[in-house]
Structures are given as C-alpha cells and as structure tokens.
Amino acid sequence: MAVQLIFANFVLDKAARELRRDGEIVRIEPRTFDLLVFLAENNNRAVGKDELQNEVWGTIVSDGALSRAAMKLRKALGDNAEAIVKTVPRFGYRFTAEVMRHNVGVVEQATETIASIKNMPPRNRRSRHIQTVAGVLFVSAIAIMVWRTVMDDEKPGPGNGISLVSASTFEKSIAVLPFDDLSETQDQLWIADGLTQEILNSLTRTPDLLVASGTSSSVYRDSRQDIASIARTLGVKHVLDGSIRRAGERIRVTAQLIRAGDGIQLWSDSYDRSKGDLIDIQESVAIEIARALQTAMDPESLQMMLSVGTKSIAAFEAYLKGVATNSNMVATGDVDEFLTSLSFFQQAVNIDPEFSAAHWQVADFWGIQLISTNIASQNSKYTHDEILGFYRESMSNAIQYERDPISSISYRAQDAHFQLKYRQSLRLNSEFLALRPFDHDAQVLQLDLLREMNMFEDAANSALEFFDRDGYDPVVTARSLLAITYAGDADTTREFIARSMNRFSNTVIVLYQIHRALLWIGEVEQAKEISSIIQSSELPASIRHLAALRQYCGEQRYEEAEKLHTSANKFYADSQLTLWMGEIIMGDDLKARDVLMHLDNRDDLGQLGGYLQYVFFDPTHYPVLMRHLETQGNEPGDRVSLPYRCGQ
C-alpha cells in the first residue's frame with residue numbers, strides 16, 4: 001500500500017511523485033521533490049547539510065546549491081515566511097510542520113464517499129446546511145479512523161513522522177539588545193549604543209556563535225515586546241539585555257543573558273566601576289557569555305581577540321561615539337551621520353596614535369570617499385589626491401598597529417581590494433572568512449569582489465550562504481540583493497526579495513535594493529509601493545532621484561522620466577554615479593561612457609574600478625582600466641542591459 005505524507009494543506013504522494021495543495025497538483029522539480037520527501041520524513045529534526053548531500057544528492061554539492069534548492073522548495077510551498085522549512089544557521093534545515101502518514105487504501109473509499117456528498121445537488125438552504133454539517137462530521141470521523149489505522153499499522157519510531165519529537169536547533173545564537181541609558185541626565189545614550197555595538201563585535205569573533213546584527217536588534221529599543229517574540233523574529237535562542245548608569249566618573253553596567261525559550265536567566269552581572277574600566281567591562285561581558293553558552297572558543301583566546309587596541313578610556317569613548325553614529329547612518333540612510341562619525345574616530349587616533357581599530361575606521365571613511373558608487377561617498381571638501389593620502393596613511397597605521405594577526409588579514413584584504421588587486425584580495429578575504437565566518441564587513445567584501453570579477457553565479461551562491469548562516473545584517477543583505485539579481489534567476493530573486501522584506505521592511509538601504517530588484521524582474525507595481533517609501537526617506541536626494549527615474553522608466557512614463565532626468569542633471573552635476581546611472585537608465589550608453597572617461601587617466605583606478613560591480617558596466621571602453629584588468633587576469637564578462645531602462 002502506498003504511503004502519503006499529509007502536512008498543512010498539502011498531500012505528498014511518494015509513489016506518484018506528486019505534491020497536491022487542496023487537491024491541486026503543485027509543480028515541483030524532481031530534486032526539490034526529493035528534498036521535500038526527506039525533510040518531511042524527518043520533520044522537527046535539524047537535518048545537516050552533509051546528511052542532505054549524502055541522502056538527497058548522493059554527492060558533494062555547494063552550500064549555494066543547497067540554498068537554491070531550499071528556496072525553490074519554499075516557493076513551491078508558498079513558504080515565504082519560512083514557517084515550514086526553517087534554516088538552522090551554519091547547519092542545515094528543519095521541517096517544522098506536523099506530518100501525518102497514512103496508507104492510501106484506507107481512505108480511498110472515504111474519499112469517494114465525500115466527493116459524492118459534495119456533488120449532490122442541494123434541495124434548499126436548510127438541506128445544504130445539513131449536508132455541510134454532516135460532511136464535516138463525516139470527514140472528522142474518517143480522519144479519526146485513518147489516524148487509528150496508521151497508529152495500528154505503524155508504531156512510532158525514527159523517521160515515520162508520527163512521533164513529533166523536537167530536536168535541538170542552533171543553540172549557540174544570540175541577539176544583543178540596545179543597552180538602556182538609566183543615567184539621571186539621560187545624555188549617555190552614545191555610551192550605551194557604542195558599548196552595545198562593541199560587545200556585539202566581540203561576540204562575532206567567536207567562530208561557533210551566531211550573532212544577530214546590531215541594526216536588526218536596534219529596533220527593539222524601548223520595545224514592550226516580550227523576549228521570546230524578539231528572539232523568534234531575530235532567529236536566535238538567547239538575548240543579552242542590559243543598561244548603563246553614569247554619575248560623574250563612575251559608571252554602572254548591568255547585563256543579563258536570557259534563554260528565550262523559557263525565560264531562564266543563564267547569567268547576569270553588574271559592574272560598578274570608574275569610566276576608565278569600560279574596555280574591561282566590554283571584554284568581561286563577552287567572555288562570560290562565551291562561557292555561559294559553552295562555545296568552542298576558550299576564554300583566554302577570546303580575551304586576546306577582544307582587545308580593541310587601546311588602553312586609553314578617552315580614546316575608547318570617542319571610538320564608541322563613532323560606532324554608535326555609524327549604526328544610526330546604516331539604519332536611517334542619513335549620510336551626514338557618516339561624516340560625524342569620522343570626527344569621533346579621528347579624535348580617538350589623536351588621543352592614542354596606536355589605536356588600530358580607530359585607524360581602520362578612518363581609512364574606511366576615506367576609502368569610501370574615493371568610490372563614487374557608494375551612497376556615502378563624495379562627502380568631503382578635500383581633493384582626490386588629499387583623500388587618497390589620508391586613506392593610505394590611515395590604512396598603513398591600521399595594519400602596522402594591529403596586534404591580532406587575524407584582524408590584520410582583513411585589513412590587508414580590504415587594502416588589496418582598494419588597489420584593484422582582486423585575486424590577492426579574494427585570497428586574503430576567503431582566508432579571513434574561514435576563521436571568522438560571521439564578520440559582516442568581510443561578507444560584504446566577498447560579494448563585491450565576486451561581482452567585480454564577473455563571478456556573478458558565485459556571488460549569488462555566497463549571498464544565499466551568508467543569508468542562511470546569519471542573514472540579519474542590512475548591509476550584507478543589500479549587497480546580496482545585487483548579487484542575486486545580477487545572477488539572472490528571476491525566481492530566486494523573487495524568493496530572496498520576500499525573505500529580505502520579512503527581516504528588513506523598515507530598513508531603507510535594503511528597501512532601495514529591493515526596489516531595484518523588483519524592477520529588474522518586472523514587478524513594477526510592487527516596486528511602486530517601495531518607491532514611495534524611498535522618496536520619503538533620509539537617503540541622499542541624488543539616490544532618491546535615481547530610484548524615481550527607475551520607477552518612471554519601469555512604468556514606461558518616458559516623458560516624465562526625460563523631464564526628471566534633464567532637471568536632475570543640473571542639480572547633481574558633481575555626482576558621477578548619478579550622472580552615469582541616469583544616462584544608463586535613460587538608455588544613452590554613449591553619454592554614460594563619456595561621464596566616466598576622465599577617471600581612466602588617474603594614477604589609481606579605484607573610482608572607475610568600483611563600477612565593475614554592475615553587470616551593465618562595460619570596461620572595454622576604458623583602455624587604462626582594461627590594461628590593469630589584463631595584468632590581474634580578470635577578463636570582462638558579458639554585459640547585460642537594464643531590463644527597465646527607458647527607450648527600449
């Protein structure tokens with residue numbers, strides 16, 4: 001007798017290799033069907049990727065291939081919210097729906113009887129009501145009969161889908177909620193935010209601990225939502241909550257680690273010390289959490305890694321202010337915050353000239369100013385050569401004074417990327433990611449490198465892997481949207497948009513990329529809804545202009561697009577990205593080429609190289625850039641025209 005698996009409103013027929021929803025056949029690829037069968041037969045158990053490779057594929061496949069299969073499965077099930085197929089970060093997947101197995105022959109006669117009842121013509125309203133009630137009761141009786149039959153025929157055991165035993169998921173996961181400022185003057189929020197971010201950064205250095213990003217957690221400041229709900233939303237098992245209270249030169253930090261499932265407090269402590277002990281407090285909290293969660297990292301090694309590179313509390317306070325300000329910029333899209341953060345990081349290195357982490361932040365700021373494709377670029381009054389000098393000095397100091405050899409690898413990878421030494425940068429960054437897989441800056445760099453090296457399929461696979469591994473950093477998700485969109489699979493793009501919306505519906509830098517992706521796959525009406533949010537955001541006016549221009553062209557409102565484009569060129573004449581992208585959207589490739597031609601004569605090609613991340617940028621128009629790429633062994637790939645541009 002054939003066995004069927006029943007879950008939610010689906011029937012999975014293994015013998016017929018059919019999946020039906022409410023009686024209707026659902027189209028599903030063979031490999032996706034096999035994956036569904038295996039997960040459903042092992043429901044409520046976390047299934048590892050190695051096991052899936054052995055049992056479903058029968059060979060070794062990449063994490064990206066597994067992620068794509070899972071996304072196709074969710075699409076077939078309409079499971080955009082991941083309510084049925086859950087990702088277990090850094091491990092695999094878990095099928096959470098309750099599954100009932102039954103023999104087809106037991107219910108065959110009952111099914112025919114139910115169908116005949118449904119097909120009987122109603123005599124009047126009363127008889128229809130009686131038939132409906134009778135049908136419900138009859139179906140209930142049949143369900144009970146089937147259940148008893150199954151229970152008699154198949155005793156509960158591993159893999160039969162009857163004994164719904166919960167299995168452990170990824171237990172070593174945590175969200176750090178924003179620390180509260182309980183000071184009487186209520187003016188120490190910058191310390192609270194900076195300390196929150198630094199504790200979070202310290203925890204991400206622990207290889208086997210999944211940490212939700214600070215931007216995702218920051219929305220829960222002053223929230224009345226319970227810990228269990230917050231943890232479910234952020235996809236973690238534990239939550240760190242805390243507060244600071246400052247009075248003069250004394251500061252009191254209180255922190256507690258809570259297990260979200262039952263609300264048990266696993267660890268708590270209070271630190272009542274002078275403000276000069278902030279660095280020690282940050283390190284102590286991270287180490288105690290590592291101990292409480294029994295991570296693989298031993299406390300001594302963790303303490304060595306946690307050193308921020310300064311013993312000056314004044315420098316550390318300035319650094320914390322910069323970190324807090326940077327977090328605000330990511331959340332709101334207000335790039336003025338980025339310029340403010342520079343002053344704090346510069347203050348930190350002025351106080352302690354050997355503060356490597358602060359030097360790196362300064363170098364990162366100046367490096368972004370030299371890359372016109374970043375929304376926070378061109379935010380300075382200095383000349384190109386002056387900015388280049390600032391960057392080189394700061395990056396040299398960051399590498400020179402960094403005492404942690406692993407962090408030094410990351411700095412060198414970033415510097416190689418800035419110099420367009422793509423292969424060297426990819427090698428270093430891959431080495432760093434192997435040691436610190438949750439580092440978001442390294443994930444962003446990896447995605448940028450793969451796109452710039454025309455490895456769009458690899459970039460998409462990495463994006464899916466990063467999202468399954470963590471998926472709670474908005475900057476990584478924004479870059480991932482680009483990577484997956486440019487890979488050219490509309491179904492995968494559509495599914496990734498849905499997953500991103502579930503986590504970042506209020507984060508404008510993610511919404512900006514979602515808008516672009518929706519237009520790319522032809523979802524113009526849905527993009528229109530996102531466009532209105534972007535236009536009312538704090539993103540730079542030039543960026544909002546590009547979003548509006550895309551939307552006009554997507555809606556084929558060409559005359560309005562032309563008027564907007566003509567007027568905008570007068571206002572954004574100093575914005576290379578806006579001018580170039582505007583011409584690309586309007587369909588004038590020759591004008592777009594001329595906008596950037598002057599960059600091909602610089603001694604450094606950093607600005608022009610940044611455009612390689614776009615699949616519609618043609619480097620063959622720029623001989624100096626092409627010669628450099630040839631020396632790097634980086635051949636240009638096929639270019640793709642914008643699907644939504646005007647004049648097509």
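As a reminder, the structure under discussion sits directly above these lines.
Residues numbered from 1 in each chain as written. Predicted model: local features only at pLDDT ≥ 70, side-chain atom pairs only at ≥ 80, totals over all residues. Heavy atoms only, no water.

A. Fine view of helix 6 (residues 189–204). Between the first and last C-alpha of helix 6 there are 23 Å, a value that for 16 residues agrees with the 22 Å anticipated at 1.5 Å per step. For helix 6, the tally of buried residues reaches 13 of 16 residues, placing the bulk of the element in the interior. (Helix = DSSP H or I, 4+ residues; strand = E, 2+ residues; numbered from the N terminus. Expected span 1.5 Å × (residues − 1). Buried < 20%, exposed > 50% of the residue type's maximum accessible area, 1.4 Å probe, protein only.)

B. Local environment of the state of the cysteines. What the rule picks out here adds up to one disulfide. Covalent S-S linkage joins Cys-553 and Cys-646, the inter-sulfur distance amounting to 1.9 Å. With the S-S bond torsion at -100 degrees, the cross-link from Cys-553 to Cys-646 turns out left-handed. You can see Cys-553 sitting in helix 23 (residues 541–554) and its partner Cys-646 sitting in the segment after helix 28 (623–631), a full 93 residues away along the chain. A residue is classified by how much of its surface remains accessible, and Cys-646, at 4% relative accessible area, is buried. (Disulfide = S-S within 2.5 Å.)

C. Quick look at the packing of aromatic side chains. One pass over the structure, following the stated rule, counts 24 aromatic pairs. Ring centres 5.0 Å apart and planes at 65 degrees place the aromatic pair Phe-467 and Phe-496 in the edge-to-face group. Here Phe-467, found in helix 18 (residues 456–469), pairs with Phe-496, found in helix 20 (residues 490–504); they are 29 residues apart in sequence, far enough to count as distant. An identical accessibility class is assigned to Phe-467 and Phe-496; each is buried. Where Trp-580 meets Tyr-611, the ring centres are 4.9 Å apart and the plane angle is 75 degrees; that geometry is what we call edge-to-face. Taken together, the residues span a long stretch of sequence, with Trp-580 in helix 25 (residues 576–586) and Tyr-611 in the loop between helix 27 (606–609) and helix 28 at a distance of 31 residues. The pair formed by Trp-580 and Tyr-611 is uniform in burial state, with each residue classed as buried. (Phe/Tyr/Trp six-rings, centres within 6.5 Å; stacked < 30°, edge-to-face > 60°.)

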